[in-house]
Amino acid sequence: MRKTILFLGLSAVLLAGCATSSNYINYTNQRFPAKDPYYTVNVYPESQPQGASNPYYVIGKVSVEGFASNGVSPEGLANKAKIIARKRGADAIINAKTEVFHYYGDALLRFKGDLIIYAPAETAK
Amino acid sequence: MRLTLKILMVFLFLGLLVTRPTTSYAWHGHSYVGVNFGVWPGAYYYGGPYYPYNPYYADPYYYPRYVEVSSSYQPVLVNGVTYYLNNGVYYIYTQYGYQAVATPAGAVAPAAVIQSAPVTVTSTAANTDDSFTINIPNNKGGYTAVLLKKSGNGFVGPQGEFYADFPKVTQLQAMYGK
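Residues numbered from 1 in each chain as written. Chains lettered and ligands numbered in written order. Predicted model: local features only at pLDDT ≥ 70, side-chain atom pairs only at ≥ 80, totals over all residues.

1. Re the overall build of chain B
For step 1, the next point in the chain: Scanning chain B for helices and strands turns up two helices and eight strands.
For step 2, the next point in the chain: Element order for chain B, N to C, with α for helix and β for strand: α-β-β-β-β-β-β-β-β-α.
For step 3, the next point in the chain: When contacts within chain B are restricted to residue pairs at least 6 apart in sequence, those whose partners lie at least 24 apart make up 27%. (Helix = DSSP H or I, 4+ residues; strand = E, 2+ residues; numbered from the N terminus. Contact = placed C-beta atoms within 7 Å.)

Listed below in structure tokens is the structure:
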């Protein structure tokens with residue numbers, strides 16, 4: 001009986017992390033080394049386009065979403081996107097926006113953004 | 001009986017481990033694959049979580065073999081060169097992805113460039129337990145007051161951006177120092 005309770009508790013803990021789903025679209029075949037877990041990924045909103053003055057490459061697009069009823073928040077989605085960005089080796093997220101779709105009393109929150117890496121000086125044109 | 005229970009528990013636990021933590025949509029009665037909810041704008045593809053070559057899969061340990069051409073980056077032909085325009089910025093496509101470039105000579109300025117939303121903060125706002133006003137040096141030689149509000153364990157900036165930790169001046173300067 002105790003084991004069953006332990007198992008159910010463990011299952012609940014594992015399932016607790018399933019509130020969001022993420023998608024990634026690759027724009028390049030190249031791979032970049034993952035960033036340190038403590039690396040700060042800056043998130044620039046769509047309203048603040050990044051010009052070419054600081055050259056960069058857009059390596060892919062990330063999308064993270066989840067339902068508000070599952071405790072998902074815009075901040076949580078952005079953090080999930082940052083984790084994905086670090087794993088992909090991205091320096092920052094640009095064109096970021098959070099969309100909200102209302103659906104039968106619930107709300108689907110979707111974070112979207114483009115992952116970028118800053119171009120090294122020698123490759124910047 | 002106890003052995004059977006143990007085996008059952010081990011299999012269930014292993015099943016949980018191999019099941020990707022993907023969507024909550026099953027809890028809402030939706031399917032995983034090819035769902036178009038109709039009431040939401042556009043179709044949205046929820047790829048099979050076990051398909052190793054799924055280009056939509058966010059896990060970097062499953063390297064996708066496909067490279068997508070983004071519909072957000074619209075091709076524009078300028079002086080015989082194909083540029084890609086997204087959010088008012090010109091890009092060229094390279095092996096590393098879309099590279100941001102300066103607006104090419106002869107290119108027509110994009111009709112609608114989304115401008116930054118004005119930051120309305122009062123420099124006299126007092127710091128409270130939940131809000132903090134920080135003066136960030138800007139490019140004009142002055143300071144821009146940036147109001148940060150506490151949200152959960154982090155802080156939210158004037159444009160809704162979230163900082164897990166209290167942001168450094170350099171972070172805020174990137175957004176509000178222009």
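From this point, things continue past the structure.
2. Brief notes about the overall build of chain A
For step 1, the next point in the chain: When you go through chain A residue by residue, the secondary structure sums to two helices and five strands.
For step 2, the next point in the chain: Secondary structure elements of chain A, listed N to C terminal, follow the sequence α-β-β-β-α-β-β.
For step 3, the next point in the chain: Out of the 125 residues belonging to chain A, those deemed buried represent 46%.
For step 4, the next point in the chain: A separation threshold of at least 6 residues defines the contact pool for chain A, and within that pool the share at least 24 residues apart is 78%. (Buried ≥ 20, exposed ≤ 12 C-beta atoms within 10 Å, placed from the backbone.)

3. Observations regarding the environment of Lys150(B)
Residue and element names in this part refer to chain B.
For step 1, the next point in the chain: Tracing the backbone shows lysine 150 in strand S6 (residues 143–151).
For step 2, the next point in the chain: Separated by 20 residues in sequence, lysine 150 and aspartate 130 have C-alpha atoms that sit 4.9 Å apart.
For step 3, the next point in the chain: When neighbours within four sequence positions are excluded, lysine 150 is seen to be in contact with Asp130 and Phe155.

4. Side note on the nonpolar core
For step 1, the next point in the chain: Ranked by internal contacts, the top residues of the largest apolar core, which has 47 residues, are Ile59(A), Ala81(A), Ala85(A), Ala90(A), Ile93(A), Ile116(A) and Tyr91(B).
For step 2, the next point in the chain: With seven residues, strand S3 (residues 56–67) of chain A is the single largest residue contributor to this core.
For step 3, the next point in the chain: Those residues in contact with Ala85(A) that lie beyond four places of it in its chain are Val41(A), Val62(A), Ala90(A), Ile93(A) and Leu115(A). (Core = buried A, V, L, I, M, F, W, Y, C linked by C-beta atoms within 7 Å.)

5. Some details on helix H2 (residues 169–176) of chain B
All names here are of chain B.
For step 1, the next point in the chain: Of the positions making up H2, those classed as buried are Leu172, Met175 and Tyr176. Along the axis of H2, the buried positions cluster into a sector of 75°, meaning they face one direction only.
For step 2, the next point in the chain: Where the residues of H2 are buried, they touch strand S5 (131–137) and S6. (Arc of directions from axis to C-beta.)

6. Notes on the sheet that holds S5(B)
Residue and element names in this part refer to chain B.
For step 1, the next point in the chain: Ordered in space as S5-S6-S7-S8, the four strands form an open sheet in which the pairing is antiparallel. The open sheet has two edge strands, S5 and strand S8 (162–163), and neither has a second partner.
For step 2, the next point in the chain: With two bridges connecting them, strand S7 (residues 154–156) and S8 associate as antiparallel partners. Looking across to S8, one finds that phenylalanine 155 is bridged to tyrosine 163.
For step 3, the next point in the chain: Running over the sheet, H2 touches S5 and S6 and is turned about 75° from S5. (Pairing = 2+ DSSP bridges. Axes fitted to C-alpha atoms, helices over the stretch in contact; angles between N-to-C directions.)

7. As for the pairing of strand S4 (residues 92–103) of chain A
Residues and elements named next belong to chain A.
For step 1, the next point in the chain: As judged from the three bridges shared by strand S2 (residues 42–45) and S4, these two strands associate in the parallel manner. Within the sheet, the bridge partner assigned to asparagine 42 lies in S4 and is alanine 92.
For step 2, the next point in the chain: In terms of strand pairing, S4 meets strand S5 (residues 106–118) through 10 bridges, oriented antiparallel. Bridge pairing in S5 places valine 100 opposite leucine 109.
For step 3, the next point in the chain: From the end of S4 to the start of S5, which pair antiparallel, there are two residues, and tyrosine 104 there has a positive phi angle of about 45°.

8. A short note on the pairing of strand S1 (residues 20–26) of chain A
Residues and elements named next belong to chain A.
For step 1, the next point in the chain: Among the seven residues of S1, seven are classified as buried, and the element is accordingly described as predominantly covered.
For step 2, the next point in the chain: Along S1, one buried face is formed by Thr20, Ser22, Tyr24 and Asn26 and the opposite face, lined by Ser21, Asn23 and Ile25, is buried too.
For step 3, the next point in the chain: Sheet topology places S1 next to S3; seven bridges connect them, and they run antiparallel. Each bridged residue has a counterpart across the sheet, and for threonine 20 the counterpart in S3 is glycine 66.

9. What about the confidence of the model for chain A?
For step 1, the next point in the chain: In this model, chain A carries an average pLDDT of 85, and 86% of its residues clear a pLDDT of 70 or more.
For step 2, the next point in the chain: Mean pLDDT in chain A bottoms out at helix H1 (residues 2–16) of chain A, which sits at 64, and peaks at helix H2 (residues 74–88) of chain A, which reaches 94. (pLDDT = per-residue confidence, 0-100.)

10. Focus on the environment of Val101(B)
For step 1, the next point in the chain: Note on placement: Val101(B) falls in strand S4 (residues 97–101).
For step 2, the next point in the chain: Counting along the chain gives 12 residues from Val101(B) to Val89(B), while the straight-line C-alpha distance between them is 7.6 Å.

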